[in-house]
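Spelled out from the first residue to the last, the chains are:
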Amino acid sequence: MRLDKFLKVSRLIKRRTVANTVSDMGRVWVNGNPAKPAKQLKVGDIIEIEYANRTEKYEVLIVPTGNVSVQESSNLYKVL
């Protein structure tokens, strides 16, 4: 699954267009490398997102094939 779609489906970022913009600005890293929105994710990848005043790290636990319900979205990742 693409990085921008994963960020939206997991509800780490609310909209896919915002996920694209944030990735293009260089504020998202996957496994320590700057990531573009089209980066393909796999289980075990570490995503770092730089917000205005903090940086959050997440580990990908499940890569869904489509949309996920709100209740299941928090099961897709683990906060590090």
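In what follows, the accompanying structure is described. (Residues numbered from 1 in each chain as written. Predicted model: local features only at pLDDT ≥ 70, side-chain atom pairs only at ≥ 80, totals over all residues. Heavy atoms only, no water.)

Things to note about the environment of Glu50
- Turning to its location among the elements, Glu50 is positioned in strand E3 (residues 46-50).
- For Glu50, a relative accessible area of 30% gives the class partly exposed.
- In contact with Glu50, not counting residues within four places along its chain, are Arg27, Trp29 and Thr55. (Helix = DSSP H or I, 4+ residues; strand = E, 2+ residues; numbered from the N terminus. Buried < 20%, exposed > 50% of the residue type's maximum accessible area, 1.4 Å probe, protein only. Contact = heavy atoms within 4.5 Å.)

Some remarks on the side chain of Glu48
- Mapped onto the fold, Glu48 is located in strand E3.
- For the buried Glu48, which has no salt bridge, the nearest side chain bearing the opposite charge is Lys57, at an N-O separation of 4.5 Å.
- Not counting residues up to four positions away in its chain, the partners in contact with Glu48 are Arg27, Val28, Trp29, Gly32, Thr55, Glu56 and Lys57. (Lys, Arg positive; Asp, Glu negative; His and termini not counted. Salt bridge = Lys/Arg side-chain N within 4 Å of Asp/Glu carboxyl O.)

Thoughts on the sheet that holds E3
- Spatially, 5 strands are ordered E2-E1-E3-E4-E5 in an open sheet, and the strand pairing comes out antiparallel. Because the sheet does not close on itself, it has two edges, and the strands there are strand E2 (33-34) and strand E5 (77-79). (Pairing = 2+ DSSP bridges.)

Description of the pattern of salt bridges
- Scanning the entire structure with this criterion turns up 6 salt bridges.
- With its nearest N and O atoms 3.2 Å apart, the salt bridge here joins Arg54 to Glu56.

Observations concerning the nonpolar core
- With 20 residues, the main nonpolar core has Leu3, Phe6, Leu7, Leu12, Leu41 and Ile47 as its most contacted residues.
- Those elements that place two or more of their residues in this core are helix H1 (3-9), helix H2 (16-24), strand E1 (28-30), E3 and strand E4 (55-60).
- Counting residues per element, this core draws most heavily on H1, which supplies 4 residues.
- Excluding anything up to four places from it in sequence, Leu3 contacts Ser23, Val28, Val30, Ala35, Lys36, Pro37, Lys39, Leu41 and Ile47. (Core = buried A, V, L, I, M, F, W, Y, C linked by side-chain atoms within 4.5 Å.)

Examining unusual backbone geometry
- In the Ramachandran plot, Arg11 falls in the positive-phi region, its phi being about 65° despite a non-glycine side chain.
- Looking at the element boundaries, Arg11 is found in the loop between H1 and H2.
- Unusually for a residue other than glycine, Asn31 sits at a positive phi of about 55°.
- A relative accessible area of 40% means that Asn31 is categorised as partly exposed.

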